[in-house]
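Secondary and tertiary structure notes
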Amino acid sequence: SSGINAEWPLRPGNTTNTTDNNYKIVEHFFGTILLTVSILGVILNSFCLPYFFRNRASLSNLLYVFISVTDVTTGIMHIPVSLSQLNYETEGVLGERFLCNLTGLTINMTTRISIFLIAVLSIIRGISLWCPFYRISRCGVVSAVVTNVTINLCLGLLPIIFSEQRYHYNSRWGFCGWEIQDLSFIESTNSTAHTVIWVTSTVMTNLAGGFIILISCLVSVVAIYRSVSMSEGLHCRRKKSDEEVGMRRLGSWVGSKRITEKKRESVAKNETGTMTSRGASMQRASITIVIVTLVYITLNLTTWICTLAYLDQDSWLTTYIMTTKAGQHAATIMVYYAVPFNAFMNPMVYLMRMPSLRRYLRNLYLQKVHGQHRIHHMAITNLSGKY
């Protein structure tokens, strides 16, 4: 065995190996970043959630509803973790047993659920691009999401039901977690039960989910490139054809026939414009989903690499992650920032890529402002009427 550090993963300050004062500075710096990102993620996702819920008739928007709920929950649960980190190796609010179990269970679940939701979103978009007339079962997608949530809930409840320690705070981790060997029915790390739980909770979730996300994202990128190339070629051919038809019709149609033909051309142009608009809208939505997927891949790549390293504990990759400062920093990013940063980045992508969402939020703001002015005006009018 390569002698993996049992205390890994380390909290940010523990990767510095410097003086106690520098340790505090690092902890406070990373804790402040985590707290800021968590709060902003909750606020931004809370604004986007009502918009997606109002337009949930679209399957993509329904999945955005699920993702936004997951991101809001993720942000809320990381606030106690950041506060504990700011307390410098003390439990802080996570010293409360109920809160420790709640944050541990919720973060454990949302991390896995987010992988599944991004994978489903990317797969559905890939199918829509390559098979536009294939109807995806809405009920089937919702059933798959509910099943995934149920499975992850059962996995998350294992330490609460079968371990005396349950979710416990570790000062070197900086958060509440659990270990498979703490479960009462686990005889050893080589037992079948240990292997099944390890494969289900880590390998199947991180590696299988990550592989599906990578493949589906690549499929969507190829489909979008193919669609753009075809639309450009079709536009050039249509323009050339229109010019040829116009030359042939010049001087050959008169009277009512010419008027009738103009009407037909007008209708055809309107229909073509409508189809083009729909195609552009679908293409924009597809690019948005690809961007969301790429952001997720970028932020969670370290997670997948560390999971691969754990599969072979004697590999050079495992040794590098466990024994070098760079490897420890990479693992720290995986543990502390991948999930909350992803929850913060998603609404930023929505706001940049969705004009209808920006219009919705602007109208909501204007309604609120005008509503307050109206109430204030009515109050002044009623007050002046008394004198």
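Described in the following lines is the structure provided in the data block. (Residues numbered from 1 in each chain as written. Predicted model: local features only at pLDDT ≥ 70, side-chain atom pairs only at ≥ 80, totals over all residues. Heavy atoms only, no water.)

Some words on the side chain of asparagine 346
Examined against the element boundaries, asparagine 346 turns out to sit in helix H9 (residues 338–353). Ignoring sequence-local partners within four residues, the contact set of asparagine 346 consists of Ile67, Asp71 and Val292. (Helix = DSSP H or I, 4+ residues; strand = E, 2+ residues; numbered from the N terminus. Contact = heavy atoms within 4.5 Å.)

Brief notes about the packing of helix H2 (residues 59–86) against helix H3 (residues 97–130)
Following both chains from N to C, one finds H2 and H3 inclined at 155 degrees, their axes separated by 9 Å at the closest point. It follows from the interaxial angle that H2 and H3 lie roughly antiparallel. The handedness of the crossing between H2 and H3 comes out as left-handed. Looking at the contact of H2 with H3, its residues break down into 17 nonpolar, nine polar and one charged. (Axes fitted to C-alpha atoms, helices over the stretch in contact; angles between N-to-C directions. Parallel < 35°, antiparallel > 145°, perpendicular 65-115°, else oblique. Left-handed = near helix turned anticlockwise from the far one by under 90°. Nonpolar A, V, L, I, M, F, W, Y, C, P; charged D, E, K, R; others polar.)

Focus on empty space enclosed by the protein
The gaps of empty space that remain are located by a probe, the size of a water molecule, rolled over the atoms. Scanning the model with the defined rule gives one cavity of 30 Å³ or more in all. Approximately 60 Å³ is the volume found for the largest cavity. Contributing to the lining of the largest cavity are Thr70, Asp71, Thr74, Thr110, Thr111, Ser114, Tyr296, Asn300, Val339, Asn342 and Ala343. Broken down by secondary-structure element, the contributors of at least two residues to the lining of the largest cavity are H2, H3, helix H6 (255–311) and H9. Looking at the lining of the largest cavity residue by residue, the classes come out as three nonpolar, seven polar and one charged. (1 Å grid on protein atoms, 1.4 Å probe; cavity = no way out; pocket = protein on both sides within 12 Å on 5 of 7 lines; lining within 4 Å. Points joined across faces, edges and corners; volume = space filled by probe spheres on them.)

What about a nonpolar patch on the surface?
Taken together, Ile123, Trp130, Phe211, Ile212, Ile215, Leu218, Val219 and Val222 make up a surface patch of nonpolar side chains, about 690 Å² in accessible area. Elements represented by at least two residues in the nonpolar patch include exactly H3 and helix H5 (192–249). Relative to the helices and strands, isoleucine 215 resides in helix H5. (Patch = residues over 30% accessible without salt bridge, like charges linked within 9 Å, V, L, I, M, F, W, Y side chains within 5 Å. Areas by Shrake-Rupley, 256 points an atom, 1.4 Å probe, with all protein chains shown as cover. Salt bridge = Lys/Arg side-chain N within 4 Å of Asp/Glu carboxyl O.)

Some thoughts on the environment of threonine 147
Along the polypeptide, threonine 147 turns up in helix H4 (residues 138–162). Classification of threonine 147 by relative accessible area gives partly exposed; the value is 43%. (Buried < 20%, exposed > 50% of the residue type's maximum accessible area, 1.4 Å probe, protein only.)

The values reported here are purely geometric and, on their own, carry no functional implication.
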